[in-house]
Amino acid sequence: MNTNRRVLIVPGGWAIDVPSGSTLLAAALAAGVRLPSSCRNGTCRECRCRVLQGELRHTIGWPGLDADERREGWALPCVAEPLSDLVIEQPRARRDDAA
Ligand code: FES
């Protein structure tokens, strides 16, 4: 079953669909929303953002977040898959429509 999750990125206000099996970062890029990123494997923390609503899981056992950050709702979109619809906060997100 292919379940898309809807993810709203604030404060930009862009909604993207994340197909099952896709990371937040990959889905955002595919939708034309550029999230900050570098390593794309959960270590550099460049993509770190806050989850304001909803649940996600990290695809690796030890993403570069400590226990406090996880409790406070921080996530690494390059290695995160939504488990529900989400609202994430990433002030450095940009819409990729400079064509
Ligand atoms: S891009 Fe490096 S931790 Fe996500």
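Residues numbered from 1 in each chain as written. Predicted model: local features only at pLDDT ≥ 70, side-chain atom pairs only at ≥ 80, totals over all residues. Heavy atoms only, no water.

**Details of the pairing of strand 4 (residues 49–53)**
No. 1: Here two bridges tie strand 4 to strand 6 (residues 74–75), and the two strands are oriented antiparallel to one another. Across the sheet, R50 pairs through a bridge with W74, a residue of strand 6.
No. 2: Bridge count between strand 4 and strand 8 (residues 86–89): three bridges; the pairing is antiparallel. Of the residues in strand 8, the one forming a bridge with V51 is I88. (Pairing = 2+ DSSP bridges. Helix = DSSP H or I, 4+ residues; strand = E, 2+ residues; numbered from the N terminus.)

**A word on the packing of aromatic side chains**
No. 1: Within the structure shown, the criterion is met by zero aromatic pairs.
No. 2: Above the plane of the ring of W74 lies R48, whose end atom (NZ or CZ) is 3.8 Å from the centre. (Phe/Tyr/Trp six-rings, centres within 6.5 Å; stacked < 30°, edge-to-face > 60°. Lys NZ or Arg CZ within 6 Å of the ring centre and 35° of its normal.)

**Let's talk about the nonpolar core**
No. 1: One finds V7, I9, I16 and V33 to be the most contacted residues of the largest nonpolar core, which totals 24 residues.
No. 2: Where this core is concerned, the elements lending two or more residues are strand 1 (5–10), strand 2 (14–18), helix 1 (24–30), strand 4 and strand 8.
No. 3: Looking at this core, the element that brings in the most residues is helix 1, giving four residues. (Core = buried A, V, L, I, M, F, W, Y, C linked by side-chain atoms within 4.5 Å. Buried < 20%, exposed > 50% of the residue type's maximum accessible area, 1.4 Å probe, protein only.)

**Details of the pattern of salt bridges**
No. 1: Considering all chains together, one arrives at seven salt bridges under this definition.
No. 2: Among the ionic pairs, R6 bridges to D17, the shortest N-O distance being 3.1 Å. With R6 in strand 1 and D17 in strand 2, this pair connects stretches of sequence that are eleven residues apart.
No. 3: R6 gets classed as partly exposed once you look at its relative accessible area, which sits at 43%.
No. 4: Overall, the relative accessible area of 36% leaves D17 in the partly exposed class.
No. 5: A salt bridge links R57 to E81, with the nearest nitrogen and oxygen atoms 3.3 Å apart. Here E81 lies in strand 7 (residues 80–82) and R57 lies in strand 5 (residues 56–58), a separation of 24 residues in the sequence.
No. 6: With a relative accessible area of 38%, R57 lands in the partly exposed category.
No. 7: Among the residues examined, E81 registers a relative accessible area of 16% and is labelled buried.
No. 8: One continuous salt-bridge network, built from bridges that share partners, spans R45, R48 and E69. (Salt bridge = Lys/Arg side-chain N within 4 Å of Asp/Glu carboxyl O.)

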